[in-house]
Amino acid sequence: RTSGIHVLNADDPHVTLFADFPSQKKITYGIQRGDLRATHVQSTAGGASFEVYGTRFTTHLGGQFNVYNALAALATVAMYGVDLPTAQPVLGKIQGIPGRMEFVQQSPFAVVVDYAHTPDSLKAVYETLKETLRQAQGKTQMSRLICVLGAAGGGRDKWKRPEFGKIAAEHCDTIILTNEDPYDEDPEQILSQIKSGISNSQFLISNVFEIIDRKEAIRRALTIAGDN
C-alpha cells in the first residue's frame, strides 16, 4: 500500500480482507489470477522467468515467491505510469538482494543465506531449495539440505517458534538450531521451543543439533556438507 494505492496479491487466500479497505486505486497481481497475471512461469533457486501481457521477464531472483515479489513491483510502478517494456530491463539487471535467497557459493556445495522470519517465508525458501535439489540430483546422486536456523527473542511472536521447527522437520535433512538475537530471553529456552515443533514430527532427533554459538553452528554445517 502506498499513497492511496492498494497493490494486492490476488492469489493470497486473505486478499478479500484487504480489498475491502477504501483506496484511490487498486491493482491485483498473481499467477492464478489478477490484473497483472504471470504466465509461462519457470522458477528455480537461481532465477525465474515469466510473461505478463506478452512481455517476457527474466530475473536472477529465484523461487516462485520472488515471482510474486516481482509482480508486486511491476504492479506498483504501473500505477505510476511505468509500462511493462520499460520495467523489463530494470528488473533483469537486479543481480540479487543481500540476505534474500543469496547464494554465497554454488560448489562443491551450495551455501544460501535467507532472512526468512515468518513461517510462510521459511516454508517458501525450503520448498524452493528442495525442489532445486530434486531437479539437480538425478536418479543416482543424493543431495541433502542442511538448515541452520533460530528465532528472535524479546518476547515477540513466540507462537512462531514451534512452527519453525515443524517446517524445518518437513523439509530439511539435518537441522542445526542456533542463537538469533535473544534480547532478554534465555537462548536455550528459545531453541527448546523451536525443537518442540521438531519433536512432534517423524524427524530423526539424531539429525538435530543445538549449538548456541552461531559462528560454530555455521562452521558445523559447512563441515558436514559434502558435494551437492
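Nothing here was measured: the structure is a model prediction, and the numbers come from that model.

J.: Before we move on, could you go through the packing of helix α5 (residues 160-171) against helix α6 (residues 187-199) and cite the residues and values that matter?
T.: One can describe the packing of α5 onto α6 by two numbers: an axis separation of 6 Å at closest approach and a directional angle of 50°. Judged by the inter-axis angle, α5 sits oblique to α6. Note on packing geometry: the crossing formed by α5 with α6 is right-handed. Between α5 and α6, the contacting residues are Arg 161, Pro 162, Phe 164, Gly 165, Lys 166 and Ala 169 on the first element and Ile 190, Gln 193, Ile 194, Ser 196, Gly 197 and Ile 198 on the second.

J.: So, helix α2 (residues 64-78): which residues are in play, and what are the values?
T.: Here α2 is 15 residues long and its end C-alpha atoms lie 21 Å apart, about the 21 Å a rise of 1.5 Å per residue gives. Where α2 is concerned, the buried positions are Asn 66, Val 67, Tyr 68, Ala 70, Leu 71, Ala 72, Leu 74 and Ala 75.

J.: Let's hear about a nonpolar patch on the surface: which residues, and what values?
T.: Side chains of Leu 17, Phe 18 and Phe 21 sit close together on the surface and give an oily, nonpolar patch of about 350 Å² of accessible area. Structurally, Phe 18 can be placed in helix α1 (residues 15-19). With a relative accessible area of 49%, Phe 18 lands in the partly exposed category.

J.: So what about the sheet that holds strand β11 (residues 208-210)? Which residues, and what values?
T.: What the three strands build is an open sheet, ordered β9-β10-β11; its pairing is parallel. For this open sheet the edge positions go to β9 (146-149) and β11, each flanked by a neighbour on one side alone. For this sheet, the mean inter-axis angle between neighbouring strands, taken without regard to orientation, is 15°. Two elements, β9 and strand β10 (residues 174-177), share four bridges in a ladder whose sense is parallel. When the bridges of β10 are listed, Leu 149 appears paired with Leu 177. Most of the contacts of helix α7 (residues 214-224) go to β10, to which it runs at about 160°, and overall it touches β9, β10 and β11.

J.: Which residues make up the state of the cysteines, and what values go with them?
T.: Tallied over the full model, the rule gives one disulfide. Bridging Cys 147 to Cys 172, the disulfide has an S-S length of 2.2 Å. Between Cys 147 and Cys 172, the S-S torsion sits near -95°, and that sign places the bridge as left-handed. You can see Cys 147 sitting in strand β9 and its partner Cys 172 sitting in the loop between α5 and β10, a full 25 residues away along the chain. Per residue, the accessibility class of Cys 147 equals that of Cys 172, and both read buried.

Rules behind the numbers
- Residues numbered from 1 in each chain as written.
- Predicted model: local features only at pLDDT ≥ 70, side-chain atom pairs only at ≥ 80, totals over all residues.
- Heavy atoms only, no water.
- Axes fitted to C-alpha atoms, helices over the stretch in contact; angles between N-to-C directions.
- Helix = DSSP H or I, 4+ residues; strand = E, 2+ residues; numbered from the N terminus.
- Parallel < 35°, antiparallel > 145°, perpendicular 65-115°, else oblique.
- Left-handed = near helix turned anticlockwise from the far one by under 90°.
- Contact = heavy atoms within 4.5 Å.
- Expected span 1.5 Å × (residues − 1).
- Buried < 20%, exposed > 50% of the residue type's maximum accessible area, 1.4 Å probe, protein only.
- Patch = residues over 30% accessible without salt bridge, like charges linked within 9 Å, V, L, I, M, F, W, Y side chains within 5 Å.
- Areas by Shrake-Rupley, 256 points an atom, 1.4 Å probe, with all protein chains shown as cover.
- Salt bridge = Lys/Arg side-chain N within 4 Å of Asp/Glu carboxyl O.
- Pairing = 2+ DSSP bridges.
- Disulfide = S-S within 2.5 Å.

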